[in-house]
Amino acid sequence: MIKKLSNIGDCGVVCDFGEEVNREINTRVIKLFHHVKKEVLKGNLNGILNYTPSYNKLIINFDLEKINSSKIIDFLKSVDFSKLNFSQNSKKWTIPVCYDFEMDLGNVSRTLKMNKDEIINIHLNTDFFVYMVGFVPGHPFMGDLRSKLFLNRLKTPRVKIPAGSVGIVEKFCNIYPYESPGGWNIIGRTPTKLFNVQNESSPCLLSPGDLVKFQSISKKEFEKLFNE
Amino acid sequence: MSNYFFEVLRSGINTTFQDKGRFHMQHLGVTPGGSMDLESFSIANALVGNTSDEGVLEFAYQGPLLKLIKGRTKIAITGNVLFQIIKSNQETIKGECNRTYTLDEGDQIDILATRQSAYGYMALEGGFDIKFFCKSVSTLSRAQIGPNEGKKIKISDKIKIRINSKNKKNFSTKISKKNKSTIRVLKGPQFDYFAKESQKDFFSKEYKISNLTDRMGMRLEGLTIKNTVSTNIRSEGITKGAIQVPADGQPIVLLTDYPTIGGYPKIANVISADYHFLAQKIPGEKISFQNVELQEAEQLYKEHLNNISEIIKNIKEIN
């Protein structure tokens, strides 16, 4: 299952699952991520500090005072993938989106030679899978869009994109949790907070492996939800 | 909540609360953060009798000017820092690092500058009265996470102190001055992406620390590193001290507040035992990289920790 295990620095281990980016490979990454996380919470892997899944890799960071990479690699080699469960750790979410806040639908429509409603419909009918969360707190990378909607990044990234903006690039969809610069094609905005420091027990809405569907809302509904 | 507090008369350039960092959240995009120089952080806490789980104030280049409005406290400053204490009768005391001072009501602590280094630390007996977020008091100002609403300290802020110090005894320890310009590294996961001559250059030529350096990363200037495979990789989890090389061939070291995932090839990774030396470098300084193997890096880290324990064991009362 794991193609290669190696150290990264003296307090990290990389579990490499191969070069491809697809749901099948990523599901394996996320299964292992949940397993490691559970073992750490149970107190079986003292010294592990972080476990970061990405498309095709899981990176484990640890406290070198307590454990080292050879011990972690031994543990990873002993994992029986056939016994790891995926579905019990995956949550389903519906996220409201208002397409009136698009910034690029006009250009996207011209590039793809499709009308705006058609683009929105495909987006609304996609069952998204959260491949990974990161770069900044709460930021999800979700797939897979149908190939009809594949787009490149903007040639010149914007300096400022409002928080909650929903963007697409290639087969991926993301949501910007904070106002930030960015190069994705913005097709709408959600009033939902992706990272909420007021909710300390569970500040981050989406986790790697979760499933997301978008629901279209009006500007009025957006304002109402935004101010709640 | 206590009633003892400092008022901030000058904030300094980048003054934040920090501890060892916030863990088990990188998969949600939250970088561990924490003190840039964990050695100075631990020693500051130990001097005032705290465990190394306590939060401290970290400052960069120019530190804050704080006035103790209510209460009495004992402080320690570590790093290589120029500071003074202004008593309420206007008498000034030249500050020495790595020892404690008792501050009385009305006293001011004036942290003027860090010397030939970037970061300094101030700990106080019993700790600051600040709010934890997910088991840590580290401030991640980019994402507004941590105490003080995740923000840097600013003028007129009140900094609350947990206890009123009763103990008048002061303590100090000795630290031999170290400054290393050779930073030891392990080869990175994409070391083979770079041309043979560039690999050689990386371990033999000097790099200058540029002005574009902060808690998140340090940009270096030097001979261009040629990539012969691909200047982009699939985004993957980042580790502190990773040295990535974007398309322009100039390396960037990812520091304590690193982005949690990234997509540039990594030529090397700074070893844990040398990280604090690198973190303390200032723009304009020159460094070079030396390749070591994993086992050696692990051994060096043990020695590094033993060295800190020795410094802490040698904390003695000042007569």
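Conventions we followed
Residue positions are counted from 1 within each chain, in the order its sequence is given. Written order decides the labels, with chains lettered from A and ligands numbered from 1. Reporting of local features is limited, given that this is a predicted model, to residues whose pLDDT is at least 70; pairs of side-chain atoms are given and counted only at 80 or more, and all residues count toward the totals for whole chains, interfaces and linings. In computing side-chain properties, one takes all heavy atoms of the structure into account and sets aside hydrogens as well as water. Strands are runs of DSSP state E lasting at least two residues, helices are runs of H or I lasting at least four, and both sets are numbered from the N terminus onward. With the radius of gyration taken over C-alpha atoms, the globule rule is written as 2.2 Å times the number of residues to the power 0.38. By the counting rule applied here, Lys and Arg register as positive and Asp and Glu as negative, while His and the ends of each chain are not counted. One atom stands in for each charge, and that atom is NZ of Lys, CZ of Arg, CG of Asp or CD of Glu. Each domain's extent was defined by an automatic or database domain assignment. What makes two residues a contact is simply this: any of their non-hydrogen atoms within 4.5 Å. When two parts are brought into contact, each loses some accessible area as probed by a 1.4 Å sphere; the total of that loss over both is the buried area. Known as pLDDT, the predictor's per-residue confidence is scaled from 0 to 100. In this scheme Phe, Tyr and Trp rings, the latter by its six-membered ring, pair at centre separations within 6.5 Å, and the angle between planes marks the pair as stacked below 30 degrees, edge-to-face above 60, and tilted otherwise. Type-normalised accessible area, obtained with a 1.4 Å probe on protein chains alone, sets the label of each residue: buried when under 20%, exposed when over 50%, and partly exposed for intermediate values. Here, a charge over a ring is recorded when the distance from Lys NZ or Arg CZ to the ring centre is within 6 Å and its angle to the ring normal is within 35 degrees. Two strands make a pair as long as DSSP finds a minimum of two bridges between them. Lines fitted to the C-alpha atoms define the axes, with helices restricted to the stretch that makes contact. Angles between their N-to-C directions range from 0 to 180 degrees. Any carboxyl oxygen of Asp or Glu that lies within 4 Å of a side-chain nitrogen of Lys or Arg is treated as forming a salt bridge with it.

## Focus: the overall build of chain B
Argument step 1. Within chain B, the regular secondary structure consists of four helices and 22 strands.
Argument step 2. Relative to the compact-globule value of 20 Å for 319 residues, chain B shows a C-alpha radius of gyration of 20 Å, a close match.
Argument step 3. Reported as C-alpha extents along the three principal axes, the dimensions of chain B are approximately 65 × 40 × 30 Å.
Argument step 4. Positive and negative side-chain charges in chain B, numbering 44 and 34 respectively, have mean positions lying 2 Å apart.

## Notes on the domain arrangement of chain B
How big an interface is tends to be stated in terms of the accessible area lost upon association of its parts.
Residues and elements named next belong to chain B.
Argument step 1. What the domain assignment lists for chain B is domain 1 (4-172) and domain 2 (182-308).
Argument step 2. Relative to domain 2, the C-alpha centre of domain 1 lies at a distance of 29 Å.
Argument step 3. On the side of domain 2, 20 residues touch domain 1, which itself brings 25 residues to the contact.
Argument step 4. A buried area of about 1,800 Å², summed over both sides, lies between domain 1 and domain 2, and 51% of it is on carbon and sulfur atoms.
Argument step 5. Three residues, Gln26, Met36 and Glu39, lead the burial of domain 1 against domain 2; their summed loss comes to 33% of the area buried on that side.

## Brief notes about the confidence of the model for chain B
Argument step 1. With 100% of its residues at a pLDDT of 70 or more, chain B shows a mean pLDDT of 96.
Argument step 2. Note on the complex model: pTM 0.95, ipTM 0.95.

## Overview of the packing of aromatic side chains
Argument step 1. Inspection of the entire model under this criterion finds 18 aromatic pairs over all chains.
Argument step 2. Ring centres 4.5 Å apart and planes at 45° place the aromatic pair A:Phe101 and A:Phe222 in the tilted group. Of this pair, A:Phe101 sits in the loop between strand 5 (92-97) and helix 3 (105-112) while A:Phe222 sits in helix 5 (residues 219-227); the two residues are 121 residues apart in sequence, bridging distant segments of the chain. Taken individually, A:Phe101 and A:Phe222 each receive the classification buried, so the pair is uniform in this respect.
Argument step 3. Sitting over the ring of B:Tyr101, B:Arg99 keeps its end group 4.0 Å from the ring centre.
Argument step 4. The residue whose ring lies beneath B:Lys240 is B:Tyr275, and the NZ or CZ to ring-centre distance is 4.4 Å.

## Some points on the sheet that holds strand 3 (residues 56-60) of chain B
All names here are of chain B.
Argument step 1. Spatially, five strands are ordered 2-3-10-5-8 in an open sheet, and the strand pairing comes out antiparallel. The open sheet terminates on both sides in strands that have one partner only, identified here as strand 2 (16-18) and strand 8 (100-103). Averaged over all adjacent pairs, the angle separating strand axes in this sheet is 35°, with direction ignored.
Argument step 2. In this sheet, strand 10 (residues 119-124) lies alongside strand 3 in antiparallel orientation, the contact comprising four bridges.

## Side note on the pattern of salt bridges
Argument step 1. Per the counting criterion, the structure on display carries 29 salt bridges over all chains.
Argument step 2. Through salt bridges with shared partners, a single network forms among B:Arg72, B:Lys87, B:Asp104 and B:Asp107.

## Side note on the environment of A:Gln215
All names here are of chain A.
Argument step 1. The topology assignment puts Gln215 in strand 13 (residues 211-216).
Argument step 2. On the accessibility criterion, Gln215 (46% relative accessible area) is partly exposed.
Argument step 3. For the pair Gln215 and Asn125, spaced 90 residues apart in sequence, the C-alpha separation works out to 9.2 Å.
Argument step 4. Contact partners of Gln215, with chain neighbours within four places excluded, come to Thr94, Ile95, Pro96, Val97 and Leu124.

## Concerning the side chain of A:Asn26
Residue and element names in this part refer to chain A.
Argument step 1. Mapping Asn26 onto the fold places it in helix 1 (residues 23-41).
Argument step 2. A relative accessible area of 0% means that Asn26 is categorised as buried.
Argument step 3. In this view, Asn26 contacts Ser54, Tyr55, Phe129, Val130 and Tyr131; residues no more than four positions away in its chain are not counted.

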